[in-house]
Amino acid sequence: MTATEERQLRRALHGTLQSLSPPSVPLEAIARRGKVIRRRRAGAAVGAFALAGIVAVTSLTLRGSQLPAVPPAAPVVTAGPDGAFASGTADGHPWRLAVQNIADPGYRCLPAIVINGTDADPVYPAPGNAASVALGQAVRGMAFAFIQLPAGVGGVIVNGDQNVPAVIVNACGYRYHLVGFSYSLTGPLRITLAKPYPGWPADVFVPTLTTPGGSTQAEGLWINTYTYTAPGVTTSATLASGTLPGGQGWIIKLQFGPGGDCYEFAQNSLGSAQMGYCGPVSTPAGPETIMALPLGFGAPGVGATGYAVPVSPGTARVRAVLDNGSSVLATPRIVDGRRYVAFVVPSSRSLHRLIWLDAGGRVMASTTAVPQYGYTQFQP
């Protein structure tokens, strides 16, 4: 570069620096500007401190999230006003489990678990209780079960692949925590908790019916874990008593509870001869179970058949018509808010027809399909 070119470049740079220099400012304005700058710096310092606090809190939160998480509470599933807590289809038939009041109107509320509106299992809230039932030819090869769970258990797993959530049901002033499901009678049944729960094993015991066939007399009868141990469930009462024409005394008793409607027909004088059997618990609007209990009193030709029938709320009398045209009139007895009639037919006679009468003596229903032993069900 020549000396002349160097002088021209210096002048150009000097002009550029002059144009970039700020204009002259009075001293007072400079002092005010200094105060503003100090305030801005102070604000920036406070903002930086606050930001550091946010970063610190965020850091603590992130570190806390790396700790083992507390298991979330089990989801709350509540049944509707109808008390239904499980439903589905089995053998092509819909089924439904619900908790409902099975006492007659006007009496103390009596809770029970029912299937399809009938075949009741009167149980109170008792975690650990479980039961199953089969309906025979009505639903072939299938059975149904429920389990009462602690409030902290969210559900169970059936046979390793069916997740069944627990449902809360409020009935008769009680609070139930239930799961319900169907299962096949042709294979094993394994129930496990969906999540571990203190004091409970991983496998949950459910009394099962494992034979697809079997006696039809077991249809509609629940098998409970707490059949005779659940508090406040079982009720006993005498339904009827009397004397046969030959002078033999008799008595028919009822034991009502999770085991079903269980009847005992006994010789009253000595009590040595007796016959007992259990039948399904009917609901007020469901079919009525006609139970026959034949009993011999020792001597040939001496004996009788005791009959017991739970009846609907509108029933005032039941007339039992015998094969010779004579009849016995039975009046209902109230047991735990439910109506029952009981009577005896001497061994020399047989029962031909049952007639249900209302308070005005009008016929409500009648049937000739009466058993000689065991039970049948009839819908009035």
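Just above sits the structure.
As a starting point, this report considers the structure included with it. Note that the coordinates shown come from a computational prediction; the quantities given were computed from them, not determined experimentally.

**A word on the overall build of the protein**
Step number 1: Helix and strand counts for the protein come out as 2 helices and 25 strands.
Step number 2: Within the protein, the fraction of its 380 residues that count as buried is 41%.
Step number 3: Taking the intrachain contacts of the protein between residues at least 6 apart in sequence as the baseline, contacts between residues at least 24 apart amount to 56%.
Step number 4: Split by element, the accessible area of the protein, about 20,200 Å² in all, is 58% carbon and sulfur.

**Some points on the pairing of strand β14 (residues 249-257)**
Step number 1: In terms of burial, β14 is a largely internal element, 7 of the 9 residues being buried.
Step number 2: Strand direction decides the pairing type here: strand β13 (residues 235-243) and β14, joined by 8 bridges, are antiparallel. Bridging across to β14, G242 finds its partner in W250.
Step number 3: Of the strand pairs in this sheet, β14 and strand β15 (residues 260-267) are connected by 8 bridges, and their pairing is antiparallel.

**Overview of the nonpolar core**
For soluble globular proteins, nonpolar side chains are generally found buried alongside one another.
Step number 1: Ranked by internal contacts, the top residues of the largest apolar core, which has 30 residues, are I102, L239, Y263 and F265.
Step number 2: Those elements giving two or more residues to this core turn out to be β3 (111-115), β13, β14, β15, β17 (288-296), β18 (303-311) and β22 (338-346).
Step number 3: With 4 residues, the top contributor of residues to this core is β14.
Step number 4: Among residues more than four places away in sequence, those in contact with L239 are I252, K253, L254, Y263, A308, R333, V335, Y340 and A342.
Step number 5: Membership of the second largest hydrophobic core comes to 23 residues, among which are L97, A131, F146 and W222.

**Here's the deal with the environment of L357**
Step number 1: For L357, the location among the structural elements is in strand β23 (residues 351-357).
Step number 2: With relative accessibility at 9%, the residue L357 sits in the buried group.
Step number 3: When the C-alpha atoms of L357 and A316 are compared, they prove to be 5.9 Å apart, with 41 residues separating the residues in sequence.
Step number 4: Setting aside residues up to four positions removed in sequence, L357 forms contacts with G314, T315, A316, R317, R319, L329, R362, V363 and M364.

**Points about the side chain of D261**
Step number 1: Counting through the fold element by element, D261 comes out in strand β15.
Step number 2: Looking at D261, the relative accessible area reads 0%, which means it is buried.
Step number 3: At 2.7 Å, the side chain of D261 and the side chain of Y340 are in polar contact.
Step number 4: Those residues in contact with D261 that lie beyond four places of it in its chain are L254, Q255, F256, Y277, C278, G279, P280, V281, S282, P310, R338 and Y340.

**Structural notes on the pairing of strand β1 (residues 84-90)**
Step number 1: As paired strands, β1 and strand β2 (residues 93-101) are joined by 6 bridges and run antiparallel to one another. Looking at β2, one finds that A90 is bridged to H93.
Step number 2: Between β1 and β2, which pair antiparallel one after the other, the connecting turn spans 2 residues, and D91 there sits at a positive phi close to 55 degrees.

**Things to note about the side chain of R338**
Step number 1: Locating R338 in the fold gives a position in strand β22.
Step number 2: Within polar-contact distance, the side chain of R338 engages the side chain of Y340 at 3.1 Å.
Step number 3: Once you skip the residues sitting within four places of it in the chain, R338 turns out to touch I102, A103, D104, L110, F256, D261, V281, S282, P310 and R333.

**Side note on the pattern of salt bridges**
Step number 1: All told, the structure shown has 8 salt bridges when counted by the stated rule.
Step number 2: R338 is the partner of D261 in a salt bridge, and the nearest nitrogen-oxygen pair spans 3.5 Å. With D261 in strand β15 and R338 in strand β22, this residue pair connects regions lying 77 residues apart in the sequence.
Step number 3: Given a relative accessible area of 4%, R338 falls into the buried group.
Step number 4: Here D358 and R362 are joined by a salt bridge, their closest N and O atoms 3.1 Å apart.

**Examining the packing of aromatic side chains**
Step number 1: Counting across every chain of the model gives 7 aromatic pairs.
Step number 2: Between F146 and W222, the aromatic rings sit 5.4 Å apart at their centres with planes inclined by 55 degrees, giving tilted as the arrangement. Of this pair, F146 sits in strand β6 (residues 142-148) while W222 sits in the loop between β11 (191-193) and β12 (223-224), and the two are 76 residues apart along the sequence. Per residue, the accessibility class of F146 equals that of W222, and both read buried.

What counts, and at which threshold
Residues numbered from 1 in each chain as written. Predicted model: local features only at pLDDT ≥ 70, side-chain atom pairs only at ≥ 80, totals over all residues. Heavy atoms only, no water. Helix = DSSP H or I, 4+ residues; strand = E, 2+ residues; numbered from the N terminus. Buried < 20%, exposed > 50% of the residue type's maximum accessible area, 1.4 Å probe, protein only. Contact = heavy atoms within 4.5 Å. Areas by Shrake-Rupley, 256 points an atom, 1.4 Å probe, with all protein chains shown as cover. Pairing = 2+ DSSP bridges. Core = buried A, V, L, I, M, F, W, Y, C linked by side-chain atoms within 4.5 Å. Polar contact = N/O pair within 3.5 Å; in protein donor to acceptor, adjacent residues only side chain to side chain. Salt bridge = Lys/Arg side-chain N within 4 Å of Asp/Glu carboxyl O. Phe/Tyr/Trp six-rings, centres within 6.5 Å; stacked < 30°, edge-to-face > 60°.

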